[in-house]
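Single-letter residue listing:
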Amino acid sequence: MKKAFCSILFFLSSFLLCLAQEGTDMPQYKNQISSNLMLPIFQSFDLSYERIVANKWAVGLSGAIYGDRIEELDTEGSYYSRTTNFEIMPLVRFYLNGTQKKSHFFEIFGSVSQVDEAERYVRIVNDQGYGVYTIGTETYMVGGLGTGYGYRFLFVENKLAVEAQLGLRTNFSTNFLLLNVAMVRTGIRVGYRF
């Protein structure tokens, strides 16, 4: 009886040990660096860093430098010509299937960007100290909020990430009353996980 009990105990422990090893064979990646493949077409570039903080949650930071052709994607109707020079976006992502698998995700992000607003009245002070209005360009910093949705595909032992994403952001500014919505963090992203 003792031999049978020891044999069953040995079999169960080896079975449980094999199951535990299967879970540890899959590497757990905590970091990801990615870039949007669509932005170089518009003479622009972005880079994102993402850090996994829980099973379904990640935080990150993204930065983008925009070129002259990015105005072709402008969805805002305005009296003035607005050009975003650069943008920094902290973000929080929620993965529906978990961070180590192919998954749908939602994200919320903030935005701080530098905007040039051309062909508008700008107040300057002349040599005598009087304020004079002239048509020119005003440069200012503006903040905003946005949200996004996407799907992440994983390849090459889950090290290569390809994401299809749609993101909308609005800027808050005292220079205009209506909120302007822009498509940012939109396109096909390719990333490396480590």
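Our structure is the block above this text.
Just so you know, these numbers come straight off a predicted model, no measurement behind them.

Thresholds, definitions, all that
Residues numbered from 1 in each chain as written. Predicted model: local features only at pLDDT ≥ 70, side-chain atom pairs only at ≥ 80, totals over all residues. Heavy atoms only, no water. Patch = residues over 30% accessible without salt bridge, like charges linked within 9 Å, V, L, I, M, F, W, Y side chains within 5 Å. Areas by Shrake-Rupley, 256 points an atom, 1.4 Å probe, with all protein chains shown as cover. Salt bridge = Lys/Arg side-chain N within 4 Å of Asp/Glu carboxyl O. Helix = DSSP H or I, 4+ residues; strand = E, 2+ residues; numbered from the N terminus. Buried < 20%, exposed > 50% of the residue type's maximum accessible area, 1.4 Å probe, protein only. Phe/Tyr/Trp six-rings, centres within 6.5 Å; stacked < 30°, edge-to-face > 60°. Lys NZ or Arg CZ within 6 Å of the ring centre and 35° of its normal. 1 Å grid on protein atoms, 1.4 Å probe; cavity = no way out; pocket = protein on both sides within 12 Å on 5 of 7 lines; lining within 4 Å. Points joined across faces, edges and corners; volume = space filled by probe spheres on them. Nonpolar A, V, L, I, M, F, W, Y, C, P; charged D, E, K, R; others polar. Contact = heavy atoms within 4.5 Å. Pairing = 2+ DSSP bridges. Lys, Arg positive; Asp, Glu negative; His and termini not counted. Polar contact = N/O pair within 3.5 Å; in protein donor to acceptor, adjacent residues only side chain to side chain.

(A) Spatial organisation of a nonpolar patch on the surface. A contiguous nonpolar surface patch, about 740 Å² in accessible area, is contributed by Leu-37, Met-38, Ile-41, Phe-153, Phe-155, Val-156, Leu-160, Ile-188 and Val-190. Within the residue set of the nonpolar patch, elements represented by two or more residues are strand 6 (131-155) and strand 9 (187-193). Residue placement: Val-190 occurs in strand 9. Judged by relative accessible area, Val-190 falls into the partly exposed class, the value being 31%.

(B) Looking closely at the packing of aromatic side chains. Under the definition given, this model contains five aromatic pairs. For the ring pair Tyr-192 and Phe-194, a centre distance of 6.2 Å and an interplane angle of 20 degrees mean the geometry is stacked. With a relative accessible area of 46%, Tyr-192 lands in the partly exposed category. If you follow Arg-93 out to its NZ or CZ, it ends over the ring of Phe-105, 3.9 Å from the centre.

(C) Local environment of empty space enclosed by the protein. Counted by the stated rule, this structure contains one cavity of 30 Å³ or more. Taken together, Gln-32, Ser-34, Ser-48, Tyr-49, Glu-50, Leu-91, Arg-93, Glu-163, Arg-185 and Arg-189 form the lining of the largest cavity. Put simply, the parts of the chain that give the lining of the largest cavity at least two residues each are strand 1 (31-36), strand 2 (45-52) and strand 4 (81-95). No other element matches strand 2, which puts three residues into the lining of the largest cavity. Taken together, the residues of the lining of the largest cavity sort by class into two nonpolar, three polar and five charged.

(D) Main features of the environment of Met-141. Mapped onto the fold, Met-141 is located in strand 6. Placed 32 residues apart in sequence, Met-141 and Ser-173 show a C-alpha to C-alpha distance of 8.8 Å. In this structure Met-141 touches Phe-86, Val-112, Ser-113 and Gln-114, once residues within four positions along its chain are discounted.

(E) The pairing of strand 5 (residues 103-125), seen in detail. Where strand 4 and strand 5 come together, 12 bridges link them in antiparallel fashion. Note that in strand 5 the partner of Tyr-95 across the bridge is Phe-105. By the bridge criterion, 21 bridges tie strand 5 to strand 6 in an arrangement that is antiparallel. Residue Gln-114 lies in a different strand from strand 6, and its bridge partner there is Met-141. Here strand 5 folds back onto strand 6, and the loop between the two strands holds five residues, one of which, Gly-129, carries a positive phi near 90 degrees.

(F) How the structure looks around the pattern of salt bridges. Scanning the model with the defined rule gives eight salt bridges in all. One salt bridge connects Arg-189 with Asp-46, and the closest N-O pair in it is separated by 2.9 Å. With a gap of 143 residues between them, Arg-189 in strand 9 and Asp-46 in strand 2 connect regions that are remote in the sequence. Neither residue differs from the other here; Arg-189 and Asp-46 are each classed as buried. Across the pair Glu-107 and Arg-93 runs a salt bridge whose closest N-O atoms are separated by 2.8 Å. Residue Glu-107 is located in strand 5, and its partner Arg-93 is located in strand 4; the two are separated by 14 residues in the primary sequence. Accessibility expressed as a relative area gives 2% for Glu-107, which makes it buried. Connected through shared salt-bridge partners, Glu-50, Arg-93, Glu-107, Glu-163 and Arg-185 make up one network.

(G) Focus on the side chain of Arg-152. Considering the arrangement of structural elements, one finds Arg-152 in strand 6. One buried charged side chain, Arg-152, makes no salt bridge at all; its nearest oppositely charged neighbour is Glu-50, positioned 4.1 Å away. Here the side chain of Arg-152 touches Tyr-95 through a polar contact of 3.2 Å, side chain to side chain.

Shape descriptors only; they carry no functional weight alone.
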